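# What the coordinates show
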Amino acid sequence: MMNQKSPIDQKILSRNSSFAGGEFTVAGVKASDLVKEFGTPAFVIDEADFDARAKAFRLALENSFGQRAGTCYYAAKAFISIEIAKWVERAGLSLDVCTGGELEVALAAKFPPHRIEFHGNNKSVAEITRAIEVGVEKIVADSEIELERINAIASAKAVTQKVLIRVTPGVEAHTHQFIATAHEDVKFGFSIASGAALRAVKIGVEASNLEVVGLHFHIGSQIMGIEGFDLAIERTTAFLKRVKDELGQELNEMVIGGGFAIAYVEGDSSSDAEQVLSHLFDAVKRSAEKSAISMPRVSIEPGRAIIGPTTSTLYQVGTVKRVELDDGSRNYVAVDGGMSDNIRTSLYDAEYSAALANRISSAPSISSRVVGKHCESGDIIVRDCNLPSDVTPGDLLVTPATGAYGRSMASNYNHLPRPPVIAVRDGKARVILRRETHADLLSLEVSQEGQR
Ligand code: LLP
């Protein structure tokens, strides 16, 4: 058993996970032991791997950009909880939040507000007020209305708020259309091409209580090919030059968002932090030289590339059904979660890998589809994979690389309680976000007395 080939390419697994001992193991704890203690479905996070990936991005930014290194923000939307916020802090990263809710998690973790950047395309007065009151470092402005709103709140509080102007460089990113964000016909940011961005910088600069410190762009998520960033960098740098010439303002910071891809299935390539950042450094340097401006400080906001690969989901198989098709047959393997804990397959056609987690089988592999327990045929977790033909009820399945936008996009569809997140480190497992219960869900119900 020890010498069998891993059913999933090691580069898709977290650093301290493997199948080497005959079953899926995370940081020394076997899948079957995790399930005995915590049940299924469950997200299992390799804590040391999170530390390593977070630090790798921060250090790669510092090493590649040297004096021109800005800030490495962890994008909370990929997944945040109080524990995760503490890990982000201890790895020396700052935090990007995009709602009042994410901000409250950070504050509950005592994350230093001067290391928080506040995003979002429709921040409410209440959210901006809270952000300014607690002293967030920067607010990323996304519309003229919002610039006015931030300025009004800052002046009422007699403070000067640092802002970044979010621009859209008009780049078609190579990713799913719902997660591409920097083309023209999109809700985010101010278009450089249309002149909206220049107007926004002017409004910001002239506002009494705002300090425009730089520009922000984010071209999309799971960007295949780092070259996708080059054009956005070039256009944004040329725009910095325009701002200097036309408004006499030298903006020193450029935030180039996140979007660095990870491996989900065999053949996918993942982003190596050093390689990514040294490529980005060259691109910014080249563009700054071309536009004849001094090199801006560069900040990044990786989410997926830090948390995605650290986490796997464990499920228990409930039923197995062989479906005969014109061109063969398919094994439908149904597990005890589904689109409520992983919406990415049905929403973005995302691909995942799956494997038996509690044993290594020598049965032949057959074409399989991993589905959930929701009342919907689109309730698919892994559309196409090969699983052993002897997968049977009670077996455990693992889908790796579910850390980003898995638990964070989970829902209660069909009243399924959302799974817990279990952190494993050095042979010890602990809950960092507990499993929801039916009682949690029922606690929201408001029913008139006597009307049942
Ligand atoms: N910065 C900004 C301004 C963003 O909007 C995002 C992601 C990030 C950073 C982090 O991007 P990452 O490094 O994680 O790719 N739910 C989708 C992804 C949506 C991403 C939204 N913004 C998915 O599951 O693929």
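Reading the values: the criteria
- Residues numbered from 1 in each chain as written.
- Predicted model: local features only at pLDDT ≥ 70, side-chain atom pairs only at ≥ 80, totals over all residues.
- Heavy atoms only, no water.
- Axes fitted to C-alpha atoms, helices over the stretch in contact; angles between N-to-C directions.
- Helix = DSSP H or I, 4+ residues; strand = E, 2+ residues; numbered from the N terminus.
- Left-handed = near helix turned anticlockwise from the far one by under 90°.
- Contact = heavy atoms within 4.5 Å.
- Nonpolar A, V, L, I, M, F, W, Y, C, P; charged D, E, K, R; others polar.
- Expected span 1.5 Å × (residues − 1).
- Buried < 20%, exposed > 50% of the residue type's maximum accessible area, 1.4 Å probe, protein only.
- Near = heavy atom within 4 Å.
- Polar contact = N/O pair within 3.5 Å; in protein donor to acceptor, adjacent residues only side chain to side chain.
- Areas by Shrake-Rupley, 256 points an atom, 1.4 Å probe, with all protein chains shown as cover.
- Domains from an automatic or database assignment.
- Parallel < 35°, antiparallel > 145°, perpendicular 65-115°, else oblique.
- Lys, Arg positive; Asp, Glu negative; His and termini not counted.
- Salt bridge = Lys/Arg side-chain N within 4 Å of Asp/Glu carboxyl O.
- Phe/Tyr/Trp six-rings, centres within 6.5 Å; stacked < 30°, edge-to-face > 60°.

## Overview of the packing of helix α8 (residues 228-247) against helix α9 (residues 273-291)
Where α8 contacts α9, the axes come no closer than 9 Å and their chain directions differ by 35°. As α8 packs across α9, the resulting crossing turns out to be right-handed. For the pair α8 and α9, the contacting residues are F229, D230, I233, E234, T237, A238 and K241 in the first and H279, L280, A283, V284, R286, S287, A288, K290 and S291 in the second. Of the residues contributing to the contact of α8 with α9, the split by class is 7 nonpolar, 4 polar and 5 charged.

## Description of α8
Spanning 20 residues, α8 covers 29 Å between terminal C-alpha atoms, matching the ideal 28 Å at 1.5 Å per step. Packed against the buried residues of α8 are β9 (161-168), α7 (196-206), β11 (210-216), β12 (253-255) and α9. Where α8 ends, the next residue or the one after it, G248, has phi of about 65°, a positive value.

## Structural notes on α7
Of the residues making up α7, those classed as buried are A196, A197, L198, A200, V201 and G204. The elements touched by buried residues of α7 are α6 (144-156), β9, β10 (190-191), β11 and α8.

## So, the site of the ligand
Surrounding the ligand, one finds 19 residues, the nearest of these being S221, E301, R304, R344 and Y405. Side-chain polar atom of S221 to an oxygen atom of the ligand: 2.3 Å apart, as the coordinates give it. One of the side-chain nitrogen or oxygen atoms of E301 is found 2.6 Å away from a nitrogen atom of the ligand. Surface burial for the ligand is 92%, taken as the share of its 580 Å² of free accessible area covered by protein chains. Broken down by class, the residue content of the shell around the ligand amounts to 6 nonpolar, 7 polar and 6 charged. In this structure, the shell around the ligand is formed jointly by two domains, domain 1 (10-46 + 309-442) and domain 2 (119-302), each of which donates at least three residues.

## A short note on unusual backbone geometry
A cis geometry characterises the amide bond from T40 onward to P41, with omega recorded as -15°. Within the secondary structure layout, P41 lies in the loop between α1 (31-38) and β4 (42-46). Unlike most non-glycine residues, K110 shows phi in positive territory, near 60°. With respect to the helices and strands, K110 occurs in the loop between α4 (100-108) and β7 (116-118).

## Brief notes about the packing of helix α5 (residues 125-134) against α6
In the contact formed by α5 and α6, the axes pass within 10 Å of each other and the chain directions differ by 50°. By the angle between their axes, α5 is oblique relative to α6. Judged by the sense of rotation from one axis to the other, the crossing of α5 with α6 is right-handed. Contact residues: V125, I128, T129 and I132 in α5; E146, R149, I150, I153 and A154 in α6. Per-class residue counts for the contact of α5 with α6 are 6 nonpolar, 1 polar and 2 charged.

## Some words on the side chain of E117
Take E117: it is sitting in strand β7. Buried and without a salt bridge, E117 has K138 as its closest oppositely charged side chain, separated by 6.0 Å. Non-local contacts of E117, meaning those with residues more than four positions away in its chain, are made with Y73, L95, D96, V97, K138, V140, L164, H216, V255 and E301.

## Re the packing of aromatic side chains
Counted according to the given criterion, the structure contains 7 aromatic pairs. Taking the centre distance of 5.7 Å and the plane angle of 75° together, the rings of F50 and Y74 count as edge-to-face. Residue F50 is found in helix α2 (residues 47-65), and its partner Y74 is found in strand β5 (residues 69-75); the two are separated by 24 residues along the sequence. In terms of burial, F50 and Y74 fall into one category: buried. Aromatic pair F57 and F260: ring centres 5.8 Å apart, planes at 15°, arrangement stacked. Of the two residues, F57 sits in helix α2 while F260 sits in the loop between β12 and α9, which places them 203 residues apart along the sequence. A residue is classified by how much of its surface remains accessible, and F57, at 3% relative accessible area, is buried. The exposure class of F260 is buried, given its relative accessible area of 2%.

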